[in-house]
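Here is how the chains run, residue by residue.
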Amino acid sequence: MIRDTKNEWLVALILLTPFLAVYGLIFVYPTIDMFLLSFTDAPLIGEGDYVGIENYTRLGRDRRFDTAMWNTAYFVALSVVPGTAVALAIALGVSRLTGRMQALILALFFLPYILPVSVVYRLWDWTMNFQFGIAMHVFDMLGIARVPVFKTTTWFMPAVAFITIWWTCGFNILLFLAGLRAIPQEIYEAASLDNAGRWTTFRKVTWPLLWPITALNLTIQLILQMKIFDQVYLFSVGGRPNDNLVMVYYIFQRAFQSNHGGRAAAIAVVLFVIVVVVSVLNFQLTRFSGSGKR
Amino acid sequence: MNPVTARRFNVAGLAITLLTVVLAVLWAFPMYWGVVSSLKPDNEVVRPYIELWPDTLTFEHYVFALTQTQIGYWYMNSIATALGVMVLTVGSSIFAGYAISQLRFPFRTALWWFILASFMVPTQVLIINHFVLMANMGLLNTWAGIILPQLIHPVIIIVYKQFFDQVPKDFREAAIMDNASEWRILFKVYIPMNWGVTTALSIVTFIWAWNAFLWPFLAVTKTELMTITVGITQTNDSFGVYYASELAAAVLAGFPVALAYLLFQRRVTEAITLSAGIKG
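Residues numbered from 1 in each chain as written. Chains lettered and ligands numbered in written order. Predicted model: local features only at pLDDT ≥ 70, side-chain atom pairs only at ≥ 80, totals over all residues. Heavy atoms only, no water.

## Regarding the interface of chain B and chain A
At the junction of the two partners, chain B supplies 102 residues and chain A supplies 94 residues. The contact between chain B and chain A buries some 8700 Å² in all, and 80% of this surface belongs to carbon and sulfur atoms. For the chain B face of the interface with chain A, the top three residues by lost area are B:Trp27, B:Met31 and B:Ile128, together amounting to 9%. Scanning the region where chain B abuts chain A turns up 1 salt bridge. Run the count over chain B and chain A and you get 15 residue pairs in polar contact (both at pLDDT 80 or more). No other element matches helix H1 (residues 3-38) of chain B, which puts 19 residues into the side of chain B that touches chain A. Here the residues of the side of chain B that touches chain A are counted per class, giving 72 nonpolar, 24 polar and 6 charged. (Contact = heavy atoms within 4.5 Å. Buried area = accessible area lost by both parts, 1.4 Å probe. Salt bridge = Lys/Arg side-chain N within 4 Å of Asp/Glu carboxyl O. Polar contact = N/O pair within 3.5 Å; in protein donor to acceptor, adjacent residues only side chain to side chain. Helix = DSSP H or I, 4+ residues; strand = E, 2+ residues; numbered from the N terminus. Nonpolar A, V, L, I, M, F, W, Y, C, P; charged D, E, K, R; others polar.)

Spelled out as structure tokens, the structure:
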């Protein structure tokens, strides 16, 4: 077939213009601007002088930066693997159900994912309220001393990780369910003919076949949780924000509360590099392990 | 399988099912508790025991939230900006996805790699530069300022490209034989064939935009221009009795997306699996 090449170029250009304009303006340009800004001492709005790598060398001596890095890593550790494990367990349970029952139970698990973060915050702030929270009644019944959860450094991150898992788990459950449905039923029939027990079937059939989905879930979670801000910020209000700093929170604090645009940009660049490096590594790893398994 | 082990397995299976159902109920409980508490009068809200249903049902907190806060404005801002993000994202992604999937032009492969790569850039790190840019353009405290930085959704383009790739080539060739223009092919063949995908992606884009927090929180300082997700966090009262009103406001903020989900449950879950790049 003869292609009208020139016309095709023109049509492509017109179709791509909205996308290119938007990405150029709010993606490519801000990314370059972020790197440039990180070498200056500019305030949030306005010009600054070139200061070389000073903003970066400062971070090495910055205790708050350490806190932010440590808390982010801690939060990732508390949320990624546990979140994926919980989602897998729930998906296995839900996949046993059928029809309307399955739809209903899945909806109960999935509904939190749909909620805005501030609604999630209100619900849990109320549930864990020191004076009236229903969680505290449960604590009382169990004979555990009440804790002002979000006002203590010990409980803050674990509680936020727990709530985050509750909030976002529905997404991962869906992925696992899709993966479980893709496993052919005949394999299970063969396994049961071989007299394989429930645990053996899971270990020898389900788990290996589900590994690509598990890897995908872990990847998505990892990249997502490194960028945490909303929950930490909301639960910190009225508490001890400096103890609860995570990377994005620290960018926000430096830029919008201390008016240090350049220094904030340096933190942003560090987070940017970490996320990109982890994504690339993760992609390579899952590709290798994926090709090994399949 | 001999009958003894079969029975043992069924008992275990039943236990797993039961556990799943119990866990699901517990999972949904905080949401139930939030709604129920918002329907209790103040003196009942703070009772030191668990009361699953109010003695007296009251809507006073909803009346309070609707009349004493600027929630009406927040609703309007949320609807306008979420619709804006939805239409612009889905629209530009359909166009870009079609061009990359069906048309041949220079740098096509490079552009595709760029879109795939942009997937891993954390947009949260761009808040400073977005803020400066929007300030320079005079767009802070405007709907456009809330919408613009939220338009980076490479995943939608990726999904469209994959779907357009799957449309059989015959359709396109037949249309070209009939002298149909590219526009006709796109609007009369490719888009109608993928209505299901478009509906699904539009709903999730709307939900994402409605739920966005960080950027709308930075872009707006005037209370009446806030989106509802940001607005309801601004009424911070530490008196216990105000909790019910704040819960009522939270229920109002979560209601549209919860409703969208319940109405389009299958579409929403379909879009989620699509956006993760799985064909299940």
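We are not done yet, so read on.
## Some points on unusual backbone geometry
Residues and elements named next belong to chain B. Notably, Phe107 is not glycine yet its phi reads approximately 65°, a positive angle. On the secondary structure map, Phe107 appears in the loop between helix H4 (71-102) and helix H5 (108-118). We note that Asn141 has phi near 60°; this positive angle belongs to a residue other than glycine. Note that Asn141 resides in the loop between helix H6 (127-136) and helix H7 (143-147). Here Asn141 falls in the buried class, since its relative accessible area comes to 17%. (Buried < 20%, exposed > 50% of the residue type's maximum accessible area, 1.4 Å probe, protein only.)

## What about the domain arrangement of chain B?
Residues and elements named next belong to chain B. Split into domains, chain B comes out as domain 1 (3-59) and domain 2 (61-279). Computed from C-alpha atoms alone, the centre-to-centre distance between domain 1 and domain 2 is 33 Å. Taken over both partners, the interface formed by domain 1 and domain 2 buries close to 780 Å², and the fraction arising from carbon and sulfur atoms is 67%. Per-residue buried area on domain 1 facing domain 2 is highest for Ser38, Asp42 and Phe59; these three make up 59% of the total on that side. (Domains from an automatic or database assignment.)

## Overview of the UniProt feature "transmembrane region" (unreviewed entry) in chain A
UniProt tags residues 9-29, 73-92, 104-124, 156-178, 205-224 and 264-285 of chain A as "transmembrane region" (unreviewed entry). Helix makes up 90% of residues 104-124 of chain A and strand makes up 0%, while its end C-alpha atoms are separated by 23 Å. (UniProt positions renumbered as here; feature names shortened; annotations may be inferred.)

## Re the UniProt feature "transmembrane region" (unreviewed entry) in chain B
Residues and elements named next belong to chain B. Mapped onto the present numbering, the UniProt feature "transmembrane region" (unreviewed entry) falls on residues 12-33, 74-98, 110-131, 143-164, 185-210 and 241-264. Across residues 74-98 one finds 100% helix and 0% strand; the C-alpha atoms that close the span lie 35 Å apart. Along residues 143-164, the helical share is 73% and the strand share 0%, with 32 Å between the first and last C-alpha atoms.

## What to know about the pattern of salt bridges
Side chains carrying opposite charge are able to pair once their charged atoms draw close together. Residue and element names in this part refer to chain A. Considering all chains together, one arrives at 7 salt bridges over all chains under this definition. Note that Arg146 and Asp140 form a salt bridge whose closest N and O atoms lie 2.6 Å from each other. What makes Arg146 partly exposed here is its relative accessible area of 29%. In this structure Asp140 comes out as partly exposed when scored by relative accessible area, which is 39%.

## Re empty space enclosed by the protein
A full pass over the atoms with the stated rule returns 3 cavities of 30 Å³ or more. If you go around the largest cavity, the residues you meet are A:Phe19, A:Val22, A:Tyr23, B:Leu88, B:Thr89, B:Ser92, B:Ser93, B:Leu151, B:His153 and B:Ile157. Going through the elements one at a time, helix H1 (5-37) of chain A together with H4 of chain B are the ones with two or more residues in the lining of the largest cavity. Here the lining of the largest cavity takes 4 residues from H4(B), the largest share from any one element. (1 Å grid on protein atoms, 1.4 Å probe; cavity = no way out; pocket = protein on both sides within 12 Å on 5 of 7 lines; lining within 4 Å. Points joined across faces, edges and corners; volume = space filled by probe spheres on them.)

## Observations concerning the layout of surface pockets
Any empty space left between the atoms is revealed when a probe the size of a water molecule rolls over them. The space that makes up the second largest pocket amounts to roughly 1100 Å³. Forming the walls of the second largest pocket are 32 residues, and the residues nearest its centre are A:Leu92, A:Ser95, A:Arg96, A:Tyr188 and A:Arg198. Those elements giving two or more residues to the lining of the second largest pocket turn out to be helix H3 (63-96), helix H7 (153-182), helix H8 (185-193) and helix H9 (198-225) of chain A together with H1 of chain B. For the lining of the second largest pocket, a count of residues per class yields 17 nonpolar, 11 polar and 4 charged.

## As for the packing of aromatic side chains
Counting across every chain of the model gives 41 aromatic pairs over all chains. Centroid distance A:Phe202 to A:Trp207: 6.2 Å. Interplanar angle 40°. Geometry classified as tilted. What makes A:Trp207 partly exposed here is its relative accessible area of 33%. The interplanar angle of 80° and the centroid separation of 5.6 Å between the aromatic rings of A:Phe229 and A:Tyr249 together place this pair among those described as edge-to-face. You can see A:Phe229 sitting in the loop between H9 and helix H10 (230-236) and its partner A:Tyr249 sitting in helix H11 (residues 247-257), a full 20 residues away along the chain. For the pair shown, A:Phe229 and A:Tyr249 are each scored as buried. The ring of B:Trp112 has B:Lys161 sitting right over it, with the charged end atom 4.6 Å from the ring centre. (Phe/Tyr/Trp six-rings, centres within 6.5 Å; stacked < 30°, edge-to-face > 60°. Lys NZ or Arg CZ within 6 Å of the ring centre and 35° of its normal.)

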